[in-house]
Amino acid sequence: MKKYALLIVMIVAIVTFASGCTSNDYKTYEGNGISFNYPTGWDEVSPDTLSLAVEGNSQVLAVVVNPDDVQNNNYQTLVFIQQLPGTATPAAVTESLKTQIQAVGGKVQSETDRTINGVPAKDLMYSISTTSGVVKTERFIALQDKNKFYAIVCSAPTDDFDKQQPNFNVVIDSFKVL
């Protein structure tokens, strides 16, 4: 009888796991026409509370931050999503950003083409010094979906960037235009 009870418990566990009734380490942002997942320990904050360097007249749609990484009252590890104005292509926006980065002494580390949720995108990684003297590494993902242009900007101090990459990838890989 004990063998059958153990077998039943194992079957229930497998069915529960397969059906997706397990907890995960992510929350979901959904608003402003977009959605994405982000780490449970992170917080959503209002774009108005941060001084963000944004491309052109971009509207910042969402910001998520690691509340454990604050220096001089500034979040150091964060992701923000912005809607880009105009009709430029992701490639043109990326080229413009590369010029701006190099003009202020930043260094472009890589540029790749990728696909996010079926949409072609440009993925640019670079390092730059902030006005507060923190050297940061950032990823700038530019994509066009449903005739709108978006940028996903992932930022962390360079010493911590590699450790944050899995968190950034969760946001990037789950990004959707609603």
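Not measured: the values here are computed from a predicted model.

**Concerning the overall build of the protein**
Here is step 1: Along the backbone of the protein there are 3 helices and 12 strands.
Here is step 2: Taking all 178 residues of the protein together, the buried fraction comes to 42%.
Here is step 3: Long-range contacts, defined as pairs at least 24 residues apart, comprise 48% of the intrachain contacts of the protein with a sequence gap of at least 6.

**Some thoughts on the sheet that holds strand β7 (residues 78–84)**
Here is step 1: The 7 strands are arranged β3-β4-β7-β11-β10-β9-β8 in an open sheet whose pairing can be described as antiparallel. Looking at strand neighbours, the two that pair on one side only are β3 (43–44) and β8 (107–116), the edges of this open sheet.
Here is step 2: Strand direction decides the pairing type here: β3 and strand β4 (residues 59–65), joined by 2 bridges, are antiparallel. Bridge pairing in β4 places Glu 44 opposite Val 64.
Here is step 3: Contacts between helix α2 (residues 90–103) and the sheet are confined to β7, β8, β9 (119–129), β10 (135–145) and β11 (148–157), with β9 contributing the most and set at about 5° to the helix.

**Some points on the pattern of salt bridges**
Close approach of charged atoms allows side chains with opposite charge to pair.
Here is step 1: According to the stated counting rule, one finds 8 salt bridges in the structure shown.
Here is step 2: A salt bridge links Glu 95 to Lys 98, with the shortest nitrogen-to-oxygen separation between them at 2.9 Å. Remark: Lys 98 and Glu 95 occur in helix α2; sequence separation between them is 3 residues, near one turn of the helix.
Here is step 3: For Glu 95, a relative accessible area of 40% gives the class partly exposed.
Here is step 4: You can call Lys 98 buried: its relative accessible area is 16%.
Here is step 5: With its nearest N and O atoms 2.7 Å apart, the salt bridge here joins Asp 173 to Arg 114.

**Points about the pairing of strand β1 (residues 26–31)**
Here is step 1: Pairing geometry for β1 and strand β2 (residues 34–39), over 6 bridges, is antiparallel. The partner of Tyr 26 across the bridge, within β2, is Pro 39.

**Side note on the environment of Ser 132**
Here is step 1: Mapped onto the elements, Ser 132 comes out in the loop between β9 and β10.
Here is step 2: Considering only alpha carbons, one finds Ser 132 and Asn 74, 58 residues apart in sequence, at a separation of 9.4 Å.

**Examining the pairing of β4**
Here is step 1: Most of β4 sits out of view: 6 of its 7 residues are buried.
Here is step 2: The sheet contact formed by β4 and β7 spans 6 bridges and is antiparallel. Counted as the bridge partner of Val 63 is Phe 80 from β7.

**Describing helix α3 (residues 158–174)**
Here is step 1: Along its 17 residues, α3 runs 24 Å from first to last C-alpha, staying within 8% of the 24 Å computed at 1.5 Å per residue.
Here is step 2: Most pronounced at Gln 164, the bend in α3 amounts to some 55°, and the proline Pro 166 follows within four residues.
Here is step 3: Listing the buried residues of α3 in full gives Asp 160, Phe 161, Gln 164, Gln 165, Asn 167, Phe 168, Val 170, Val 171, Ile 172 and Ser 174.

Definitions and limits used
Residues numbered from 1 in each chain as written. Predicted model: local features only at pLDDT ≥ 70, side-chain atom pairs only at ≥ 80, totals over all residues. Heavy atoms only, no water. Helix = DSSP H or I, 4+ residues; strand = E, 2+ residues; numbered from the N terminus. Buried < 20%, exposed > 50% of the residue type's maximum accessible area, 1.4 Å probe, protein only. Contact = heavy atoms within 4.5 Å. Pairing = 2+ DSSP bridges. Axes fitted to C-alpha atoms, helices over the stretch in contact; angles between N-to-C directions. Salt bridge = Lys/Arg side-chain N within 4 Å of Asp/Glu carboxyl O. Expected span 1.5 Å × (residues − 1). Bend = angle between axes of the 7 residues up to and from the residue.

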